[in-house]
Amino acid sequence: MHSLSKLAGLVVLATASCAGPNVDRAAQERFLAELGRTTVTVFPAHVNRAGGEEFDERAAARIAALANERGWFDARTSSSHVSLPTAWYMNEAKMLGDSAAAFADFVREHPVETRYALIADYLLGTHGVGGVHVVVVDGEGRVVDVSLWNSHWDAFREVQPKDVDGCTEVVLRGLARQWPARAGSAAPER
């Protein structure tokens, strides 16, 4: 049953490609190949509260700590708040795509000192958490990786997030499943 839910989520993302994130496949391959030996700036989580926005520095610190512990990359946190779109749509992939494009634009306009940048985006509606997203872009602002967790995904169902801390826990569990630990990794590049 869980496999069908995951497949359904992937189908939603694939069929919404015109409205969903525009991931640069070559840049994504580079990012995944560099896991364990690269650097990433982690920005405070963007919290979309049904049209209003907040930011959570603690989420960035928790994500960076896990990334460093797991050896995914040398993670550094930023205190800069990145405003992302707050419009809500029935198509969650469109929301993720809009956020990814806005984050890519931000990094192009505000260069980071690391090779990559990461932001989590939490959708907290009036009836609970609608979704948890993560976007990774390279230093040139190309989208290299996106993650979407909602009620179709194990990490989300296990946590059943109700607040910002719950959303961050979904990110930690979700990333731990999709990025392997890199014990004994080489020194980070830029």
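Above this text sits the structure in question.
This is a predicted model, so every value here is computed, not measured. (Residues numbered from 1 in each chain as written. Predicted model: local features only at pLDDT ≥ 70, side-chain atom pairs only at ≥ 80, totals over all residues. Heavy atoms only, no water.)

K.L.:
Tell me about unusual backbone geometry, residues and numbers included.
P.N.:
Backbone geometry places Gln160, a non-glycine residue, at a positive phi of 50°. For Gln160, the location among the structural elements is in the loop between helix H5 (154-159) and helix H6 (164-178). Residue Gln160 is classed as exposed on the basis of its relative accessible area of 52%. (Helix = DSSP H or I, 4+ residues; strand = E, 2+ residues; numbered from the N terminus. Buried < 20%, exposed > 50% of the residue type's maximum accessible area, 1.4 Å probe, protein only.)

K.L.:
Please set out the pattern of salt bridges residue by residue, giving values where relevant.
P.N.:
Taken as a whole, this structure holds 13 salt bridges when the rule is applied. Here Asp165 and Arg58 are joined by a salt bridge, their closest N and O atoms 2.9 Å apart. Of this pair, Asp165 sits in helix H6 while Arg58 sits in helix H3 (residues 57-70), and the two are 107 residues apart along the sequence. For Arg58, a relative accessible area of 48% translates into the label partly exposed. Glu169 is the salt-bridge partner of Arg173, the closest N and O atoms lying 3.0 Å from each other. Taken together, the residues span about one helical turn, with Arg173 and Glu169 both in helix H6 at a distance of 4 residues. Here Arg173 falls in the partly exposed class, since its relative accessible area comes to 32%. Glu169 gets classed as partly exposed once you look at its relative accessible area, which sits at 24%. (Salt bridge = Lys/Arg side-chain N within 4 Å of Asp/Glu carboxyl O.)

K.L.:
Talk me through the pairing of strand E5 (residues 116-125); I want residue IDs and the actual numbers.
P.N.:
With respect to burial, E5 is a largely interior element, 9 of its 10 residues being buried. Sheet topology note: the strand E1 (residues 39-42)/E5 ladder contains 3 bridges and is parallel. Within the sheet, the bridge partner assigned to Thr41 lies in E5 and is Ala117. Note that strand E2 (residues 45-49) and E5 share 3 bridges and pair parallel. Looking at E5, one finds that His46 is bridged to Asp121. Where E5 and strand E6 (residues 128-138) come together, 10 bridges link them in antiparallel fashion. If you follow Leu123 over to E6, its bridge partner there is Gly131. Between E5 and E6, which pair antiparallel in sequence order, lie 2 residues. (Pairing = 2+ DSSP bridges.)

Don't take any of this as a statement about function, it's just geometry.
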